[in-house]
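In case you want the letters, here they are:
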Amino acid sequence: MNPKIYITGDTHGMIDSPKLNLESFPVQTLLTRQDYVIIAGDFGGVWTGTNQDDEVLDWYSEKRFTVLFVDGNHEGFDALERYPIEDWNGGKVHRIRPNVLHLMRGQVFDLGGMKFFVFGGALSVDKVYRQAHVSWWPQEIPSKAEEDEALRNLERHNFMVDFVVTHTAPTHISENLAQFQIDDPTCRILDRFEQLINYKKWYFGHYHRDVDINGQFVALFNRVVIVQLFEGG
C-alpha cells in the first residue's frame, strides 16, 4: 500500500504547530510511520542542538506519522549540520529522531513511487534584529555547491519530477506574495530550476499564506493538504 503524504507550511517549533494537533488534523489517527507529513521549511525544531530542543522534538516523536521537513530561514543550521547524513529513499537526509527527518537541499526523493525535488533556504528579512549563530545563520542562503548538487541530481532524473517542495518561491511568485520586495538569492536559484524542471505541483511556505496560484504553485501555512498525482486519486 502506498503511503499517504500530507504537506503543510511553517511550524516554527511549537508556535505554529497546532495545525498538526489531533483537533486540527484528525486523520492522523489513521496514519502510521509509513505515512508522511512534510513541513515546507521553518520547522524550527532544531535550534540549539542541546536538550533545549527536546520539548519540540519529543512532541513530534510521539506522532504516529513520519515528519519530513525542508529547511527554511529560521532553523538552527549549526546544530542541524551536526547531525550525521544518511541516504534515504534516493536522497540525503539528517535523521533528527527515528520519525523526524530533514530533507537536505537539492535532493530527489522517491515517496510511494512519486518523485519529490526539495530545496530549502530563504533570506531572513528580520536578520538585522537577530544575532549571528544564535538566532540567525548565514547558511539560510543556499551555497553554489548545493545548487550544483541539485542540478546533478535533477539531471539524473532527466529534470522530471512529480512535485517540488521549497521554503520560498521563484521570483515571479514571491513578488505577488511578499509584503515588500527583497532581493533573495534563493528566489533567483529557484528561477533557474523552474526553467529546467518538468513538474506537476510546487509547494512552499515562508509567506504565511494559504493560496493556490496558476494551478501549479501552492502556498501553505495553516492548511494541511494531501499530496496526490491525480485529483480525487
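Bear in mind that the values here come from a model prediction, so they are computed numbers and not experimental data.

Analysis parameters
Residues numbered from 1 in each chain as written. Predicted model: local features only at pLDDT ≥ 70, side-chain atom pairs only at ≥ 80, totals over all residues. Heavy atoms only, no water. Helix = DSSP H or I, 4+ residues; strand = E, 2+ residues; numbered from the N terminus. Rg over C-alpha atoms; globule rule 2.2 N^0.38 Å. Buried < 20%, exposed > 50% of the residue type's maximum accessible area, 1.4 Å probe, protein only. Contact = heavy atoms within 4.5 Å. Areas by Shrake-Rupley, 256 points an atom, 1.4 Å probe, with all protein chains shown as cover. Lys, Arg positive; Asp, Glu negative; His and termini not counted. Charge placed at Lys NZ, Arg CZ, Asp CG, Glu CD. Pairing = 2+ DSSP bridges. Axes fitted to C-alpha atoms, helices over the stretch in contact; angles between N-to-C directions. Salt bridge = Lys/Arg side-chain N within 4 Å of Asp/Glu carboxyl O. Phe/Tyr/Trp six-rings, centres within 6.5 Å; stacked < 30°, edge-to-face > 60°.

> How do you make sense of the overall build of the protein when you look at a structure like this?
For the protein, the count of helices and strands is five helices and 13 strands. Taken over the C-alpha trace, the protein has a radius of gyration of 16 Å; the compact-globule value for 233 residues is 17 Å, and the two agree within 12%. Dimensions along the principal axes, computed over C-alpha positions, put the protein at roughly 45 × 40 × 35 Å. Buried positions account for 54% of the 233 residues belonging to the protein. Taking the intrachain contacts of the protein between residues at least 6 apart in sequence as the baseline, contacts between residues at least 24 apart amount to 68%. Total accessible area on the protein stands at roughly 10700 Å², and carbon and sulfur atoms take up 51% of it. Computing the positive centroid from 22 side-chain charges and the negative centroid from 33, the protein places the two 3 Å apart.

> Whenever I open this one, the sheet that holds strand β12 (residues 217-219) confuses me. Can you help?
As a general point, the strands of a sheet are linked pairwise by backbone hydrogen bonds and lie either parallel or antiparallel. If you walk across this open sheet you meet the six strands as β7-β8-β9-β10-β12-β11, and the pairing is mixed. With partners counted over all chains shown, the strands left at the sheet margins are β7 (107-111) and β11 (211-213), one partner each. With direction set aside, neighbouring strand axes in the sheet form an average angle of 20°. Where β11 and β12 come together, three bridges link them in antiparallel fashion. Bridge pairing in β12 links Asp212 to Val218. Each of β7 and β8 (114-119) is contacted by helix α3 (residues 144-156), which is oriented at about 165° to β8, the strand it contacts most.

> Just to check I follow, could you spell out helix α1 (residues 54-61) for this structure?
It helps to recall that an α-helix has 3.6 residues per turn; residues three or four apart then point in one direction. What α1 keeps buried is the set Val56, Leu57, Trp59, Tyr60 and Ser61. In the core, the buried residues of α1 are packed alongside β2 (36-40), β3 (66-70), β5 (91-97) and β6 (100-103).

> Honestly, the pattern of salt bridges in this entry has me stumped. Any pointers?
As a working rule, side chains carrying opposite charge can pair if their charged atoms are close by. Per the stated rule, a full pass over the model turns up 13 salt bridges. In this structure, Arg95 engages Glu86 in a salt bridge whose closest nitrogen and oxygen atoms are separated by 3.1 Å. Looking at Arg95, the relative accessible area reads 29%, which means it is partly exposed. Several salt bridges converge on common partners, so that one network encompasses Asp54, Asp58 and Arg97.

> In this structure, what is going on with the packing of aromatic side chains? I would like to understand it.
We describe a pair of aromatic rings using the distance from one ring centre to the other and the angle between the two ring planes. Going through the model one piece at a time under the given rule, you end up with 18 aromatic pairs. With a centroid separation of 5.2 Å and 80° between ring planes, the pair formed by Tyr6 and Phe25 is classed as edge-to-face. Within this pair, whereas Tyr6 is found in strand β1 (residues 5-8), its partner Phe25 is found in the loop between β1 and β2, the two being separated by 19 residues in sequence. Assessed through its relative accessible area of 9%, Tyr6 is described here as buried. For Phe25, a relative accessible area of 4% translates into the label buried. Pairwise contacts between aromatic rings join Tyr199, Trp202, Phe204, Tyr207 and Phe217 into one cluster.

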